[in-house]
Amino acid sequence: MVSRHRVVDHIVAVLAANKVSHIFGVDGANIEDLYDAAHFRDDLTAVLAKHEFSAATMADGYSRSGAGLGVVVATSGGGALNTVAGLGEALASRVPVLALIGQAPTVLDGRGSFQDTSGENGALDAVALFSAVSVYCRRVLGADDIRAALPEALAAARRGGPAVLLLPKDVQQADVSGTNGFGGTDAEPGARFADLQPLVHALRSAAGPITVIAGEQVARDDARCELERLRATLRARVATVPDAKDVAGTPGFGSSSALGVSGVMGHPGVAAAINQSTLCLLVGTRMSVTSRAGLDEALGALPTYSLGNANPYVPSTHVHTDDLRHSLATLNEAMSGNGRPHQVRVPDPMPHSELQPPPHDGPGIRYRDAMTILDATLPDGTDIVVDAGNIGASAIHYLPARRDGRFIVALGMGGMGCSFGAGIGMTFHRTRERHRRTVVIAGDGSFFMHGMEIHTALQYRLPITFVLFDNHAHAMCVTREQLFYEDRYSYNRFGASRLGAGLAAMFPGLTAVDVDAIDQLPEALAVALEADGPSVISVECSPDEIPPFAAFLGKTVPNPSTHEENRTHVTARA
């Protein structure tokens, strides 16, 4: 065992002291020393991914699962660049992630070395690059600099977003001065809170129904119970943004007053409820366009208040908090007893409503039917991770979150393939609490980008079921071709595939099947959910089915059965 105390030893010691149990990455010459340091710790597991993008989404999913800080490590050059898209998602969604990026030794800076990203003498400038996708970026040039740089990076990430430390190999290997190299403080800085009185006054003065729209910060700050207590006190209806389906409205958390999801994949009842309200309270969400599509007029017509760590995109009276759990508990105390609002009345029940895509009678299993079976089969405690595209829109709209389960979707950048890494990262944390299973829902387009991480799940025997909807296309792009480009051609249809059979052959020991008919799905799910380790179900569906996505509805769709496909623009058929 190494007796020295190197920079990398200092880093892993600080991470372990900050309750980080897993780091995710791909090994390489300029990050191998960090893996070496992690090897000698019993309280920190270094997970090897297949691709750095997926390693970044593993760190993202680990953080979103409730673990706190996610950590991704990558070597220099292409490995470093592969993390950029994943860090961009974490930045857009304000997910706490620390990226430790290896670089070539400083003695080679600006001298034409392999994978030089020092920015000197015409080299690619990693500081400039990573500063664009992070809330903090620093190139560490001396061993003792890590004492200040690491606490600064941790504090920045905790405020929401990725922090990046660029670590040249010679700096990683250098000794930290002092007897044990663990000087300095890494304590989390105090959270910032604003005065709640304007919000207390507005809620006490409300003379009619209140609608609450809850967001992802509720999950990040573990504030579900406090949110439900406030909702009950206010007798409010509650909706969630698409990437926070599990924070409210599940059994035990206001399900009787739940409106569903807001935005472009959401439920029409949300707008109707806001139109009937006297006040709207946003909790832990900025209300991006995806989350508020169709709601701008309704929100603009009534007083809107916000409680969270960032100003919303909609006009509102914003009250800042870095800790929703603490602030909601304080707000609950202020609204209880003599402070309880007397003018607020229980709103009338709101019938559940869904978007109405046009009927589709083509080949394959319908999205709605598949989600109905998943809803009937997945037990409480199941964590659900959803990818982008038509399949993702269908799961967000049709599939409720499970009681005591997470429901994650990466909508900051909407990167296809995020779900594979995010599901793995979440499972590493969530299965430490108690036995539970993760279900990843993705399309074949996402699988072809980053689905080889299924091998990582198999390597670590993780309890994950991957439900792959195989429509042989980038189906959302096919829908756009049909709706907006007169269906004259298609660049987005694939050749046929049998993902279940193919994966079973590729990865010995993996439970993987293809499902071609809806009556096969219940049994396939039952077997997959009981598998020892990961499992895969590939569901045959149609690229021509319109999903529950508001931007696509109300358009005229050509009849695919009479449309002659322009095969010169389509991937060659088998």
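Taking an unreviewed UniProt entry as the reference, the chain is identified by name as acetolactate synthase belonging to Mycolicibacterium mageritense. UniProt's Catalytic activity (unreviewed entry) comment on the chain is quoted here verbatim: "2 pyruvate + H(+) = (2S)-2-acetolactate + CO2". The chain has a UniProt comment under Sequence similarities (unreviewed entry) that states "Belongs to the TPP enzyme family."

Draft legend 1. Spotlight on the side chain of Arg436. Within the secondary structure, Arg436 sits in the loop between α18 (418-433) and β15 (438-443). Polar side-chain contacts of Arg436 include one of 3.0 Å to the backbone oxygen of Asp404. Beyond its immediate chain neighbours, meaning those up to four positions away, Arg436 contacts Gly381, Asp383, Asp404, Gly405, Arg430, Thr431 and Pro463.

Draft legend 2. Quick peek at empty space enclosed by the protein. All chains considered together, the criterion is met by three cavities of 30 Å³ or more. The calculated volume of the largest cavity comes to roughly 140 Å³. Ser63, Arg64, Ser93, Val95, Pro96, Glu216, Ala219, Arg220, Asp243, Arg406, Ile408 and Val409 are the residues that line the largest cavity. Those elements that provide at least two residues to the lining of the largest cavity are α3 (52-67), α10 (216-220) and β14 (407-409). Every residue along the wall of the second largest cavity is listed here: Thr57, Asp60, Arg64, Glu89, Val385, Val386, Ile408, Val409, Ala410, Cys418, Ser419 and Ala422. For the lining of the second largest cavity, the elements supplying multiple residues, two or more each, are α3, β13 (383-386), β14 and α18. When the residues that make up the lining of the second largest cavity are grouped by side-chain class, the tally is seven nonpolar, two polar and three charged.

So, how was this worked out
- Residues numbered from 1 in each chain as written.
- Predicted model: local features only at pLDDT ≥ 70, side-chain atom pairs only at ≥ 80, totals over all residues.
- Heavy atoms only, no water.
- UniProt positions renumbered as here; feature names shortened; annotations may be inferred.
- Helix = DSSP H or I, 4+ residues; strand = E, 2+ residues; numbered from the N terminus.
- Polar contact = N/O pair within 3.5 Å; in protein donor to acceptor, adjacent residues only side chain to side chain.
- Contact = heavy atoms within 4.5 Å.
- 1 Å grid on protein atoms, 1.4 Å probe; cavity = no way out; pocket = protein on both sides within 12 Å on 5 of 7 lines; lining within 4 Å.
- Points joined across faces, edges and corners; volume = space filled by probe spheres on them.
- Nonpolar A, V, L, I, M, F, W, Y, C, P; charged D, E, K, R; others polar.

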